[in-house]
Amino acid sequence: MGLTIGVDIGGTKIAAGVVDEEGSILATCKVPTPDTPEGVIDAIADAVRTVSEGFEVEAVGIGAAGYVDDKRATVLFAPNINWRHEALKDKVEQRVGLPVVVENDANAAAWGEYRFGAGQGHDDVICITLGTGLGGGIIIGNKLRRGRFGVAAEFGHIRVVPDGLLCGCGSQGCWEQYASGRALVRYAKQRAQATPENATVLLGLGDGTPEGIQGKHVSDAARQGDPVAIDSFRELARWAGAGLADLASLFDPSAFIIGGGVSDEGDLVLDPIRKSFRRWLVGSQWRPHAQVLAAQLGGKAGLVGAADLARQG
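This write-up is about the structure you can find in this document. In this text, all values refer to a predicted model and were calculated from it rather than measured experimentally.

1. Description of the overall build of the chain
Then, in step 1: When its secondary structure is counted, the chain shows 9 helices and 13 strands.
Then, in step 2: In terms of overall size, the chain behaves like a compact globule, its C-alpha atoms giving a radius of gyration of 20 Å where 313 residues would be expected to give roughly 20 Å.
Then, in step 3: Referenced to the eigenvectors of the C-alpha coordinate spread, the extents of the chain come out at roughly 60 × 50 × 35 Å.
Then, in step 4: Considering the chain as a whole, with its 313 residues, one finds that 52% of them fall into the buried category.
Then, in step 5: Carbon and sulfur atoms make up 50% of the accessible area of the chain, which totals about 14000 Å².
Then, in step 6: In the chain, 30 side chains carry a positive charge and 38 a negative one; their mean positions are 4 Å apart.

Dropping the structure here:
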């Protein structure tokens, strides 16, 4: 199969791109994300038709945030779009006249990194997305592992603290409440409130109050050596690395690939994650260690991965 289209459904925009067999994006199109579930489907179809002009496209892959069934056809649950058992594959196929594959967006991003990014050369990879929340994908034996019902790798909702912080999913103590962009900002606010004298740079980047701290402030302040900002990254990394150690006990991958907005800070966050991973890995001194790598494709991973999964059929 030659050219395919990948679609990445975001909270504010829908991106579509024509992708070749080498993972190169030949053309892109972005449209605003509508407010209604049916409107989103129409917008996906419009983006596919627009971006495919002038190309011979053979299939479409769609990355959707939420639970996707094992047939890669129906979105069982997508809270941000209010899809419930939405027959997305059939509805988009009817509109665009091309075969469609639907995949969880984190799985699509993981596959993109495995095929064309940091995962090249590895057969067994676990991808972790540290963004506003925490997502992931599993590639074992060169195959994307979705589980029996298609909803595996919801790593962000593994409970790491019994009766811990309330999560948006309704549970308590989920990993993403301790290792995510949202957690990073919470740590910074708490520390700036407790020791403002150690957060002068951080507070100066916002409105001067702990409540005004945003994620970009924490990143900028850490690069300038602000003690509270640096300590907040270390706390996030402690939780992230400990979680990777647990996943290593489960899957024994050769590499963890860390993506998402938090990972954009590079070694500022990756080095302490690696340190925490080694600290909490069971039998660390006796066993080989998986590499902890930065993702390479950035925001393109989901689109490229979805397109390639459509090519795989």
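2. Some remarks on the side chain of Arg 72
Then, in step 1: Here Arg 72 is to be found in the loop between β5 (67–68) and β6 (75–78).
Then, in step 2: Nearest to the buried, unbridged Arg 72 among oppositely charged side chains is Glu 103, at 4.6 Å.
Then, in step 3: Leaving out residues up to four positions away in the same chain, Arg 72 has contacts with Lys 89, Val 101, Val 102, Glu 103, Arg 146, Leu 309 and Gly 313.

3. Here we look at the packing of helix α7 (residues 227–251) against helix α8 (residues 267–280)
Then, in step 1: Packing of α7 against α8 leaves a shortest axis separation of 7 Å and a crossing angle of 45 degrees. The angle between α7 and α8 falls in the class oblique. Like other packed secondary-structure pairs, α7 and α8 cross with a definite hand, here right-handed. Contacts between α7 and α8 involve Phe 233, Leu 236, Ala 237, Arg 238, Ala 240, Gly 241, Ala 242, Leu 244, Ala 245 and Ala 248 on the former and, on the latter, Leu 268, Val 269, Pro 272, Ile 273, Ser 276, Phe 277 and Trp 280.
Then, in step 2: Tallied by class, the residues present in the contact of α7 with α8 amount to 14 nonpolar, 2 polar and 1 charged.

4. Describing the pairing of strand β4 (residues 57–64)
Then, in step 1: Of all the 8 residues making up β4, 7 are buried; the element is thus mostly covered by neighbouring parts of the structure.
Then, in step 2: Two elements, strand β1 (residues 3–9) and β4, share 5 bridges in a ladder whose sense is parallel. Within β4, the position partnered with Leu 3 by the bridge is Val 57.

5. Focus on the pattern of salt bridges
Then, in step 1: Summed over all chains, the structure comprises 18 salt bridges.
Then, in step 2: Residue Glu 38 is joined to Arg 95 by a salt bridge in which the shortest nitrogen-to-oxygen separation is 2.9 Å. Of this pair, Glu 38 sits in helix α1 (residues 37–51) while Arg 95 is found in helix α2 (residues 88–96), placing the two residues 57 residues apart along the sequence.
Then, in step 3: A salt bridge links Arg 95 to Asp 42, with the nearest nitrogen and oxygen atoms 2.8 Å apart. Residue Arg 95 is found in helix α2, and its partner Asp 42 is found in helix α1; the two are separated by 53 residues along the sequence.
Then, in step 4: Take Asp 42: its relative accessible area is 35%, and that puts it in the partly exposed class.

6. Things to note about the sheet that holds β1
Then, in step 1: The sheet built from 5 strands is open, its strands ordered β3-β2-β1-β4-β8 with mixed pairing. Edge positions in the sheet fall to β3 (25–32) and β8 (100–104), since each has one partner strand and no second. In this sheet, adjacent strand axes meet at a mean angle of 20 degrees when their direction is disregarded.
Then, in step 2: Where α2 meets the sheet, its contacts fall on β4 and β8, and the angle it forms with β8 comes to roughly 140 degrees.
Then, in step 3: Of the strands in this sheet, β1, β2 (13–19), β3, β4 and β8 are in contact with helix α9 (residues 301–312), which crosses β1 at around 135 degrees.

7. Describing the environment of Pro 288
Then, in step 1: Among the structural elements, Pro 288 can be located in the loop between α8 and β13 (291–294).
Then, in step 2: A C-alpha to C-alpha distance of 8.8 Å links Pro 288 and Ser 254, two positions 34 residues apart in sequence.

8. Regarding a negative patch on the surface
Then, in step 1: Taken together, the side chains of Glu 21, Glu 22, Glu 56 and Glu 58 define an acidic patch exposed on the protein surface.
Then, in step 2: With respect to the helices and strands, the residue Glu 56 is situated in the loop between α1 and β4.

9. Topic: a nonpolar patch on the surface
Then, in step 1: The grouping of Tyr 67, Phe 77, Phe 149 and Val 151 at the surface amounts to a nonpolar patch, some 360 Å² of accessible area in total.
Then, in step 2: Considering the arrangement of structural elements, one finds Phe 149 in the loop between β11 (143–144) and α4 (181–194).
Then, in step 3: When its relative accessible area of 59% is taken as the criterion, Phe 149 is described as exposed.

10. Comments concerning the sheet that holds strand β10 (residues 134–140)
Then, in step 1: Spatial ordering of the open sheet is given by β11-β10-β9-β12-β13, a layout of 5 strands whose pairing is mixed. Here the strands that pair on one side only, and so sit at the sheet edges, are β11 and β13.
Then, in step 2: Each of β9 (125–130), β10, β11 and β12 (255–259) touches helix α3 (residues 105–116); the most contacted strand, β10, lies at about 50 degrees to it.
Then, in step 3: Of the strands in this sheet, β9, β10, β12 and β13 are in contact with α7, which crosses β9 at around 155 degrees.

11. Quick word on the packing of aromatic side chains
Each aromatic ring pair is described using two quantities: the centre-to-centre distance and the angle formed by the ring planes.
Then, in step 1: The tally for this structure, following the rule as stated, stands at 5 aromatic pairs.
Then, in step 2: Here Tyr 178 and Trp 239 contribute two aromatic rings whose centre-to-centre distance is 4.6 Å and whose plane-to-plane angle is 35 degrees, an arrangement assigned as tilted. One end of the pair, Tyr 178, is in the loop between β11 and α4; the other, Trp 239, is in helix α7, with 61 residues separating them in the sequence. In this pair, the class of Tyr 178 matches that of Trp 239, namely buried.
Then, in step 3: Here the basic side chain of Arg 186 rests over the ring of Tyr 178, its NZ or CZ set 6.0 Å away from the ring centre.
Then, in step 4: The ring of Trp 280 carries Arg 279 above its face, with NZ or CZ at 3.9 Å from the centroid.

The rules behind the values
- Residues numbered from 1 in each chain as written.
- Predicted model: local features only at pLDDT ≥ 70, side-chain atom pairs only at ≥ 80, totals over all residues.
- Heavy atoms only, no water.
- Helix = DSSP H or I, 4+ residues; strand = E, 2+ residues; numbered from the N terminus.
- Rg over C-alpha atoms; globule rule 2.2 N^0.38 Å.
- Buried < 20%, exposed > 50% of the residue type's maximum accessible area, 1.4 Å probe, protein only.
- Areas by Shrake-Rupley, 256 points an atom, 1.4 Å probe, with all protein chains shown as cover.
- Lys, Arg positive; Asp, Glu negative; His and termini not counted.
- Charge placed at Lys NZ, Arg CZ, Asp CG, Glu CD.
- Salt bridge = Lys/Arg side-chain N within 4 Å of Asp/Glu carboxyl O.
- Contact = heavy atoms within 4.5 Å.
- Axes fitted to C-alpha atoms, helices over the stretch in contact; angles between N-to-C directions.
- Parallel < 35°, antiparallel > 145°, perpendicular 65-115°, else oblique.
- Left-handed = near helix turned anticlockwise from the far one by under 90°.
- Nonpolar A, V, L, I, M, F, W, Y, C, P; charged D, E, K, R; others polar.
- Pairing = 2+ DSSP bridges.
- Patch = residues over 30% accessible without salt bridge, like charges linked within 9 Å, V, L, I, M, F, W, Y side chains within 5 Å.
- Phe/Tyr/Trp six-rings, centres within 6.5 Å; stacked < 30°, edge-to-face > 60°.
- Lys NZ or Arg CZ within 6 Å of the ring centre and 35° of its normal.

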